Amino acid sequence: MAFECPKSAEVSQNLVHFVANPGIGIVESNQLSSKSLTEGIATSNLVPDTKPQSGKGVKLKGASKFNSKKGIKASAKAVNQSSIPGDVVFDCGLSITDLPTTLISEILNCLDPKDLGVVSCVSTIFQRVASEHHAWKQFYCERWGLPTASLPVDSGVEEDDKSWKELFVEREFRSKTFMGRYSIELLYGHTEAVRTVFLLASAKLIFTSGYDSVVRMWDMENGLSIASSRPLGCTIRAVAADRKLLIAGGTDGFIHCWRAVEGLPHLFELKASPNQNSEVRLWGHEGPITSLALDLTRIYSGSWDTTVRVWDRHSMKCSAVMRHSDWVWALVPHDTTVASTSGSNVYVWDTVSGALMTIVHDAHVGNIYALARSHTGDFLFTGGEDGAIHMYEIVNDGFESKSLHIAAWVPHSTAVYSLAFEFPWLVSASSDGKMALIDVRKLLRTSRRALGKRVSKVKRLDGDKVEPPQRMLHGFKSNLFSVDIGADRIVCGGEEGVVRIWNFTEALEIERRVRALRGIRLENRMRRRKLQTELSNKSDRSEQCSVAAKKNSVTCIWPNKRGMSGKLKA
């Protein structure tokens with residue numbers, strides 16, 4: 001029977017040295033009593049005190065457990081380095097929770113979001129450290145970037161009041177709504193085919209344009225047309241925007257820019273205004289512009305003149321030109337790099353030096369029309385004339401960059417014209433009139449090490465092993481030219497000249513109600529279990545009392561009147 005020894009036990013310096021050096025071999029015990037050898041001793045939680053008593057060895061804190069019926073006090077003569085029994089097990093009794101908080105935080109920095117969430121449920125210490133860990137901000141930014149200044153009204157997210165973990169969990173929950181119920185909104189206004197759509201979720205705006213050469217701005221919430229530009233004189237094949245600048249690229253080779261007007265609710269004044277400083281037109285390309293993109297300091301444009309140009313947003317001048325061997329169909333920038341497609345090849349360029357970092361040859365059979373990129377810039381998604389979608393990882397070992405083929409899907413029977421990505425959903429639009437939703441969550445799972453380097457865990461899969469698209473959206477006649485995703489919506493435009501919005505906010509509300517009901521049912525279930533436990537404990541106590549009463553009951557025989565009378569007569 002194990003019992004607790006006194007909290008302080010005096011042993012020799014040799015025993016402390018043995019505890020500090022667990023690699024010492026086991027010595028046969030011939031100096032202890034046979035009783036202690038047969039019953040065994042298990043000593044734990046031996047921690048040397050900071051103030052050892054002189055002449056009496058070292059005073060050890062903590063409790064020691066002995067597998068004997070009686071307590072054994074180990075003295076300096078009885079226990080030493082040469083007289084340690086073979087069945088003695090020394091354990092310092094320390095756990096990871098005894099480490100400094102900073103060191104625990106560095107260890108948790110190596111975990112994935114799922115593992116970090118599991119660790120936070122282990123103990124109160126881990127719950128505090130893991131919930132407030134800075135990795136949650138990094139997880140969020142790696143997937144979606146910094147939170148936008150404005151979120152949908154029904155999002156229920158108040159960034160100022162929520163931690164990074166809560167923001168991450170909320171966004172992960174919202175990403176599941178694309179498998180739920182949706183409603184379709186139709187936006188009429190264009191007189192010809194819609195070639196490009198752009199969703200600016202932070203401002204709740206949608207920009208569209210096409211063969212009618214008019215750029216239209218729509219309210220994302222109610223689907224109403226806010227404003228439209230004057231005809232720009234040619235087909236507009238590309239549109240991009242942020243909260244400060246709106247750009248549109250035409251087949252005449254120009255880039256038309258609108259600067260945001262301060263104090264205007266919908267940011268941009270598309271109609272001709274007396275303030276000429278709000279509109280700028282950039283010239284430089286010698287062919288139709290097919291793709292546009294923005295970041296904080298630069299404008300990126302790709303054209304059929306086989307070049308990608310980088311423009312400075314402040315001076316509105318071209319700062320770099322990257323030349324290709326064929327028409328440029330699509331581009332996506334990230335940090336100091338820009339990926340582009342030309343012919344059947346994919347290029348990755350350094351925008352600072354203009355040097356080519358890596359190239360993927362013959363990624364598709366035919367031209368590559370569509371390109372998307374993860375927020376970290378490590379993964380590229382391509383859609384081509386062959387109806388296939390390919391996923392590549394860009395790996396940079398410090399000396400050179402190379403591409404690895406990860407997966408491939410063939411959800412369409414004809415060319416893929418557009419791709420859009422918001423973690424974890426990849427959306428494709430094809431000329432067959434269908435849209436495919438692909439969940440790439442498993443393929444994008446990565447791990448991080450203490451050195452801060454991200455090491456890919458992605459495995460290159462065969463086409464037969466990759467899961468098919470999780471969802472296919474139908475309802476179009478033919479030729480979908482452009483698609484975008486964000487704010488629980490998918491926006492697309494095509495040859496019929498109608499802009500469609502697939503709204504999944506209804507699925508979000510349904511999922512919230514389901515989760516609330518699930519929480520109520522769980523709470524009621526726990527309450528019933530608690531009541532059942534209390535009732536069972538009471539019944540056990542009553543049974544124990546009845547059994548004890550039966551055991552201690554005394555049978556008393558009372559004499560009757562006849563017996564008493566007989567005894568009296570006798």
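As the structure is a computational prediction, the values presented were derived from the model and not from experiment. (Residues numbered from 1 in each chain as written. Predicted model: local features only at pLDDT ≥ 70, side-chain atom pairs only at ≥ 80, totals over all residues. Heavy atoms only, no water.)

J.: How should I be thinking about the overall build of the protein chain in this particular structure?
T.: Along its length, the protein chain carries 9 helices and 37 strands. With 570 residues in all, the protein chain has 46% of them scored as buried. In the protein chain, the share of contacts with a sequence separation of at least 24, taken over all contacts with a separation of at least 6, comes to 54%. Of the accessible surface of the protein chain, which amounts to about 30,500 Å², a share of 53% is contributed by carbon and sulfur atoms. (Helix = DSSP H or I, 4+ residues; strand = E, 2+ residues; numbered from the N terminus. Buried < 20%, exposed > 50% of the residue type's maximum accessible area, 1.4 Å probe, protein only. Contact = heavy atoms within 4.5 Å. Areas by Shrake-Rupley, 256 points an atom, 1.4 Å probe, with all protein chains shown as cover.)

J.: Mind showing me how you'd approach the UniProt feature "repeat: WD" (unreviewed entry) in the protein chain here?
T.: Per the UniProt entry, the sites bearing "repeat: WD" (unreviewed entry) are residues 187–228, 282–321 and 361–394 in this numbering. Within the segment residues 282–321, helix and strand shares are 0% and 60% respectively, and the terminal C-alpha atoms sit 15 Å apart. The span residues 361–394 is 0% helical and 53% strand by assignment, and the distance between its end C-alpha atoms comes to 14 Å. (UniProt positions renumbered as here; feature names shortened; annotations may be inferred.)

J.: Looking at this structure, I do not really get the packing of aromatic side chains. What am I missing?
T.: Going through the model one piece at a time under the given rule, you end up with 15 aromatic pairs. Note on Trp304 and Trp327: the rings are 4.4 Å apart at their centroids and 20 degrees apart in plane angle, and the pair reads as stacked. Residue Trp304 is located in the loop between strand S18 (298–303) and strand S19 (307–312), and its partner Trp327 is located in the loop between strand S20 (318–323) and strand S21 (328–334); the two are separated by 23 residues in the primary sequence. Since its relative accessible area comes to 23%, Trp304 is described here as partly exposed. Pairwise contacts between aromatic rings join Trp304, Trp327, Trp329, Tyr369, Tyr417 and Phe481 into one cluster. Across from the ring centre of Phe481, 4.0 Å away, lies the NZ or CZ of Arg195, which sits over that ring. (Phe/Tyr/Trp six-rings, centres within 6.5 Å; stacked < 30°, edge-to-face > 60°. Lys NZ or Arg CZ within 6 Å of the ring centre and 35° of its normal.)

J.: Hey, could you run me through unusual backbone geometry in this one?
T.: Among all residues except glycine, the phi angle is most often negative; among peptide bonds, the trans geometry is most common. The step from Phe423 to Pro424 runs through a cis peptide bond, and the omega angle for that step is 0 degrees. Within the element layout of this structure, Pro424 appears in the loop between strand S29 (416–422) and strand S30 (425–430). With phi around 75 degrees, Leu267 is a residue other than glycine that occupies positive phi space. Of the residues examined, Leu267 reaches a relative accessible area of 10% and is grouped as buried. Even without glycine at this site, Met316 takes up a positive phi of about 60 degrees. Within the element layout of this structure, Met316 appears in the loop between S19 and S20.

J.: Would you mind going over a nonpolar patch on the surface with me for this structure?
T.: Together, Ile96, Leu99, Leu103 and Ile107 make up an exposed nonpolar region whose accessible area comes to about 300 Å². Of note, Ile107 is situated in helix H3 (residues 101–108). What makes Ile107 partly exposed here is its relative accessible area of 38%. (Patch = residues over 30% accessible without salt bridge, like charges linked within 9 Å, V, L, I, M, F, W, Y side chains within 5 Å. Salt bridge = Lys/Arg side-chain N within 4 Å of Asp/Glu carboxyl O.)

J.: Sorry, what's going on with helix H7 (residues 164–175) here?
T.: Since the α-helix advances by 3.6 residues per turn, residues separated by three or four positions end up pointing in the same direction. Counted at 1.5 Å a residue, the expected span for H7 with its 12 residues is 16 Å, and the 16 Å between its end C-alpha atoms agrees. Looking at H7, one finds that the buried residues are Lys165, Leu167, Phe168, Glu170, Glu172, Phe173, Arg174 and Ser175. (Expected span 1.5 Å × (residues − 1).)

J.: Sorry, what's going on with the sheet that holds strand S25 (residues 368–373) here?
T.: Two strands in a sheet stick together by hydrogen bonds in their backbones, pointing the same way (parallel) or opposite ways (antiparallel). Sheet architecture is open: 4 strands sit in the order S25-S26-S27-S28, paired in antiparallel fashion. Looking at the sheet topology across the chains shown, the edges are occupied by S25 and strand S28 (401–409). In this sheet, neighbouring strand axes are inclined to one another by 25 degrees on average, regardless of whether the strands run parallel or antiparallel. Pairing of strand S27 (residues 389–396) with S28, which is carried by 8 bridges, proceeds in the antiparallel orientation. Bridge pairing in S28 links Val395 to Lys402. (Pairing = 2+ DSSP bridges. Axes fitted to C-alpha atoms, helices over the stretch in contact; angles between N-to-C directions.)

J.: When you look at a positive patch on the surface in this model, what are you seeing that I'm missing?
T.: Where like charges cluster on the molecular surface, the positive patch consists of Lys176, Arg515, Arg518, Arg521, Arg525, Arg528 and Arg529. Following the sequence through the fold, Arg515 ends up in helix H8 (residues 505–551). On the accessibility criterion, Arg515 (38% relative accessible area) is partly exposed. (Lys, Arg positive; Asp, Glu negative; His and termini not counted. Charge placed at Lys NZ, Arg CZ, Asp CG, Glu CD.)

J.: Is there a simple way to think about the packing of H3 against helix H5 (residues 124–131) in this case?
T.: The angle between the axes and the distance between the axes are what describe a pair of packed helices. At a closest axis distance of 10 Å, the pairing of H3 and H5 adopts a crossing angle of 65 degrees. By the angle between their directions, the pair H3 and H5 is classed as roughly perpendicular. Regarding H3 and H5, the two cross each other, and that crossing is right-handed. For the pair H3 and H5, contact is made by Thr101, Ile104, Ser105 and Leu108 and by Phe126, Val129 and Ala130, respectively. For the contact of H3 with H5, a count of residues per class yields 5 nonpolar, 2 polar and no charged. (Parallel < 35°, antiparallel > 145°, perpendicular 65-115°, else oblique. Left-handed = near helix turned anticlockwise from the far one by under 90°. Nonpolar A, V, L, I, M, F, W, Y, C, P; charged D, E, K, R; others polar.)

J.: Quick question: what am I supposed to make of the sheet that holds strand S36 (residues 489–494) here?
T.: Ordered by their spatial adjacency, 4 strands build an open sheet running S8-S37-S36-S35, and the pairing between neighbours is antiparallel. Either end of the sheet is taken by a strand with one partner, and the two such strands are strand S8 (183–187) and strand S35 (480–486). On average, each strand axis in the sheet is inclined to that of its neighbour by 20 degrees, with strand direction left out of account. Pairing of S36 with strand S37 (residues 499–503) involves 5 bridges; the strand directions are antiparallel. Within S37, the position partnered with Cys492 by the bridge is Arg500.

J.: What's the story with the nonpolar core in this structure? I'm lost.
T.: Here is a general trend for soluble globular proteins: nonpolar side chains tend to be buried in one another's company. Grouped together as the largest cluster of nonpolar side chains are 32 residues, with contacts concentrated most on Phe381, Met391, Trp409, Leu419, Phe421 and Leu426. Element by element, the count of residues in this core is highest for helix H6 (residues 135–144), at 5 residues. Filtering out sequence-adjacent residues up to four positions away, Met391 remains in contact with Phe379, Leu380, Phe381, Leu404, His405, Ile406, Ala407, Trp409, Leu443 and Leu444. Within the second largest apolar cluster, 18 residues are counted, among which are Ala227, Ile236, Phe254 and Phe268. (Core = buried A, V, L, I, M, F, W, Y, C linked by side-chain atoms within 4.5 Å.)

J.: When you look at the pattern of salt bridges in this model, what are you seeing that I'm missing?
T.: Opposite charge on two side chains permits pairing when their charged atoms draw close. With the rule as written, the count across this model stands at 7 salt bridges. Linking Asp439 and Arg441 is a salt bridge whose minimum nitrogen-to-oxygen distance equals 3.4 Å. According to the relative accessible area criterion, Asp439 is partly exposed, its value standing at 24%. Judged by relative accessible area, Arg441 falls into the partly exposed class, the value being 22%.

J.: What should I look at first to understand H6 in this one?
T.: Buried residues dominate H6, accounting for 7 of its 10 residues. Inspection of H6 places Ala135, Trp136, Phe139, Tyr140, Glu142, Arg143 and Trp144 among the buried residues, and these make up the whole buried set. Considered in projection along H6, the buried side chains sweep an arc of 165 degrees and stay on one side of the axis. (Arc of directions from axis to C-beta.)

J.: Explain the packing of H6 against H7 here, please?
T.: Packing of H6 against H7 brings their axes to within 8 Å, and their N-to-C directions diverge by 35 degrees. Note on packing geometry: the crossing formed by H6 with H7 is left-handed. Contacts between H6 and H7 pair Trp136, Lys137, Phe139, Tyr140, Arg143 and Trp144 from the former with Trp164, Lys165, Leu167, Phe168, Arg171 and Glu172 from the latter.

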